[in-house]
Amino acid sequence: MKHLAVALLCGFLSSAALQAQVEQLATSGDGNVLLFHSRFRLQTETDLGLQGKIYRWQEGQWTRVAAAQDIGPAASPPDVFSPFLSMDGKVVGWQINIGCFLCQIIVVPPLSSEISGVSLPSTFPRGTVRMSANGRYFTADSYPFSGAKYLDAAAGEVAEVPVDVFARPVVREVSNDGTALLLITPPKDPNQFSSPGTLALWKPGSDTRAVYSENRVFGATISANGGRV
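Given the structure is predicted, the values throughout are model-derived calculations rather than measurements.

### Some details on the sheet that holds strand β1 (residues 23–27)
Step number 1: An order of β1-β2-β3-β4 is seen for the 4 strands of this open sheet, with the pairing classed as antiparallel. Where the open sheet ends on each side, the last strands, each with one partner, are β1 and β4 (61–67). Pairs of neighbouring strands in the sheet enclose a mean axial angle of 20°, with direction left out of account.
Step number 2: Of the strand pairs in this sheet, strand β3 (residues 53–58) and β4 are connected by 6 bridges, and their pairing is antiparallel. Pairing of Arg56 across the sheet is with Thr63, part of β4.

### A word on the layout of surface pockets
To find leftover empty space, a probe the size of one water molecule is rolled over the atoms.
Step number 1: One number sums up the size of the largest pocket: a volume of about 550 Å³.
Step number 2: Those elements giving two or more residues to the lining of the largest pocket turn out to be β1, β5 (79–85), β8 (127–131) and β12 (172–174).
Step number 3: If one sorts the elements of the lining of the largest pocket by residue count, β5 sits on top with 5 residues.
Step number 4: The residue inventory of the lining of the largest pocket, partitioned by class, reads 15 nonpolar, 10 polar and 2 charged.

### Here we look at the sheet that holds strand β10 (residues 149–152)
Step number 1: A sheet is described by the order of its strands in space; here 4 strands give the open sequence β8-β9-β10-β11, paired in antiparallel fashion. Two strands in the sheet have a free side with no partner beyond their single neighbour: β8 and β11 (157–160). Within this sheet the neighbouring strands show an average axis-to-axis angle of 20°, counted without direction.

Rules of the game
Residues numbered from 1 in each chain as written. Predicted model: local features only at pLDDT ≥ 70, side-chain atom pairs only at ≥ 80, totals over all residues. Heavy atoms only, no water. Pairing = 2+ DSSP bridges. Helix = DSSP H or I, 4+ residues; strand = E, 2+ residues; numbered from the N terminus. Axes fitted to C-alpha atoms, helices over the stretch in contact; angles between N-to-C directions. 1 Å grid on protein atoms, 1.4 Å probe; cavity = no way out; pocket = protein on both sides within 12 Å on 5 of 7 lines; lining within 4 Å. Points joined across faces, edges and corners; volume = space filled by probe spheres on them. Nonpolar A, V, L, I, M, F, W, Y, C, P; charged D, E, K, R; others polar.

Put into structure tokens, the structure is as follows:
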């Protein structure tokens, strides 16, 4: 019984360590490219501590693609997190929390994003970027200073997204045909504390089409072809 308890404990600790090291996975369509977030570092890295990092696995090799700044103790520590990747593995991005010591005094949008493999207009916001699987359609905001935007990168067309920018968590996922899945919340209740929001489908130039509004909505997503929510 003692040996069994030790084995179970070791297994639990190993599982917990693995979960802590590798999280927030994103893969290409063929599975040959993998991105993940970790606060640990590769054994060959000696210049980093426990700040957030984004790593890429491809062709049997690990590479670090991003690391958060180390600014010391902070009310909101800097981080790079939630990596995203197009199906062909060519468009790569992740979210950024710039961190702050005095978060009560907001002087810049706290959330940003980094993206490579596609050209976004310089005026297009970079906060909480969402991308379609084919790397063509994007939504983003510059929370808390302006509303959310929608971009068709192939056509270069930008549109306003009909959602409250203060709604958190963000729900504005985009399919490969440009259909956006939005969570439209009551103006005075963006976090759905008192009443549920409305999950809706939308494309620029069209009205929103409600698909659900009975209970609080979290973790909503849309299939790549837009056929399933």
